[in-house]
Amino acid sequence: MKVLNIGSMNLDLVYRVDHIVQPGETEASVSMNTFLGGKGMNQSVALAKAGVEVYQGGMIGEDGQPFLDACAEYGVRADFIRKVEGKSGHAVIQIDSSAQNCILLYGGANQMLTEAYVDEVLSHFGSGDILLLQNEVNLLPYIVEKAYEKGMQIALNPSPFNEKLSAVDMTKISIFLLNEVEGNQVTGLTVPEEIIVKMQEMFPHARIVLTLGKDGAVYADGEERFFQPIFPVKAVDTTAAGDTFTGYFLAGLAEGMAIPEILKMSAKASSIAVSRAGAVPSIPYRDEVMAALAQA
Ligand code: RIB
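Residues numbered from 1 in each chain as written. Predicted model: local features only at pLDDT ≥ 70, side-chain atom pairs only at ≥ 80, totals over all residues. Heavy atoms only, no water.

(A) Spotlight on the site of the ligand. As a structural note, the neighbourhood of the ligand is formed by 14 residues, with Asp-12, Gly-38, Lys-39, Glu-136 and Asp-243 the closest of them. Note that an oxygen atom of the ligand is positioned 2.7 Å from one of the side-chain N or O atoms of Asp-243. In isolation the ligand offers 280 Å² of accessible surface; the protein chains occlude 96% of this area. Sorting the residues of the shell around the ligand by element identifies strand S2 (10-16), helix H1 (39-49) and strand S7 (101-106) as the ones contributing at least two each. Looking at side-chain class alone, the shell around the ligand contains five nonpolar, five polar and four charged residues. (Near = heavy atom within 4 Å. Polar contact = N/O pair within 3.5 Å; in protein donor to acceptor, adjacent residues only side chain to side chain. Areas by Shrake-Rupley, 256 points an atom, 1.4 Å probe, with all protein chains shown as cover. Helix = DSSP H or I, 4+ residues; strand = E, 2+ residues; numbered from the N terminus. Nonpolar A, V, L, I, M, F, W, Y, C, P; charged D, E, K, R; others polar.)

Okay, structure coming up:
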């Protein structure tokens, strides 16, 4: 079984601020750093650091060499990353004094996927392989159709949630990994229990992983349901916490681990990411996660 992630690669421009800037306000930042990120890249790095072979797909611009270097450093397969004219995607991120963030995206090369490119990449994968997607690249409806035709298991992190997702046939998704805000956007409901029940009605064959911030995470499928509390830490930067959880969760599934063990490992990995600055650099390796779990 192979894991393919067709997703975004962003340069994250991260500004520490006292509070998230308000409309009409000008605010001086406390510090500024650049990190590699993008939901696609973050999730691939999490999979790779968890020990699973993952192929990152997607587009970078002429400035995108750092993404290829990071793939080499962390063991992410870069065979299907293509360079196009123009800029890579980037994100402007503000982090306030309580470690909350807000993110402004520039799609850049992430929005330049073509159907010919998707066909070429998918030709290397088949039945039983896992395809991981988020909503920061174009052509999601096409990618889902084609991957489903091939019998791939499709895992969707519907983030950021926007109107483009309405064109995706969600009944073809095998695994949803989403937070409660996205759960609300999918179902119209706000109570986590009701979101889970509604999603199971809407997608009876899918596995659902609903993360609830400080309230933990819930897994549900047609037969089983499990709850995982968080491992509390002092939050430094929550960027990529969800991506770390997603990557570790899929890594555990790909390895055939039991769901409660996968949830525990994912929650611990995510808590470590929250305690560090940046997206890609904050994601821990498996050894560190397992050592921290052994101490917990
Ligand atoms: O999920 C966090 C990521 O969202 C950041 O790395 C940023 O690039 C945006 O894609």
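(B) Representation of the sheet that holds S2 in the model. Across the sheet, four strands lie side by side as S3-S2-S6-S7; this open sheet has mixed pairing. The outermost strands of the open sheet, each flanked by one partner alone, are strand S3 (31-37) and S7. Taking the axes of each pair of neighbouring strands and ignoring which way they run, one obtains an average angle of 20° across the sheet. The sheet contact formed by strand S6 (residues 89-95) and S7 spans six bridges and is antiparallel. When the sheet's bridge partners are listed, His-90 is paired in S7 with Tyr-106. Packed on one face of the sheet, helix H2 (residues 65-74) meets S2 and S3 and runs near 65° to S3. (Pairing = 2+ DSSP bridges. Axes fitted to C-alpha atoms, helices over the stretch in contact; angles between N-to-C directions. Contact = heavy atoms within 4.5 Å.)

(C) Representation of helix H3 (residues 115-122) within the structure. Those residues of H3 not exposed but buried are Tyr-117, Val-118, Val-121 and Leu-122. End-on view of H3: buried residues confined to an arc of 125°, all on one side of the axis. Here the buried face of H3 lies against strand S1 (3-6), strand S4 (54-60), strand S5 (77-83) and helix H4 (140-149). (Buried < 20%, exposed > 50% of the residue type's maximum accessible area, 1.4 Å probe, protein only. Arc of directions from axis to C-beta.)

(D) Structural view of the packing of H1 against H2. One way to put it is that H1 packs onto H2 with a least axis distance of 10 Å and a crossing angle of 15°. Between H1 and H2, the angle falls in the class roughly parallel. With respect to the hand of their crossing, H1 and H2 are arranged in right-handed fashion. For the pair formed by H1 and H2, the contact residues are Met-41, Val-45, Ala-48 and Lys-49 on the first element and Phe-67, Ala-70, Cys-71 and Tyr-74 on the second. Partitioned by chemical class, the residues of the contact of H1 with H2 number seven nonpolar, no polar and one charged. (Parallel < 35°, antiparallel > 145°, perpendicular 65-115°, else oblique. Left-handed = near helix turned anticlockwise from the far one by under 90°.)

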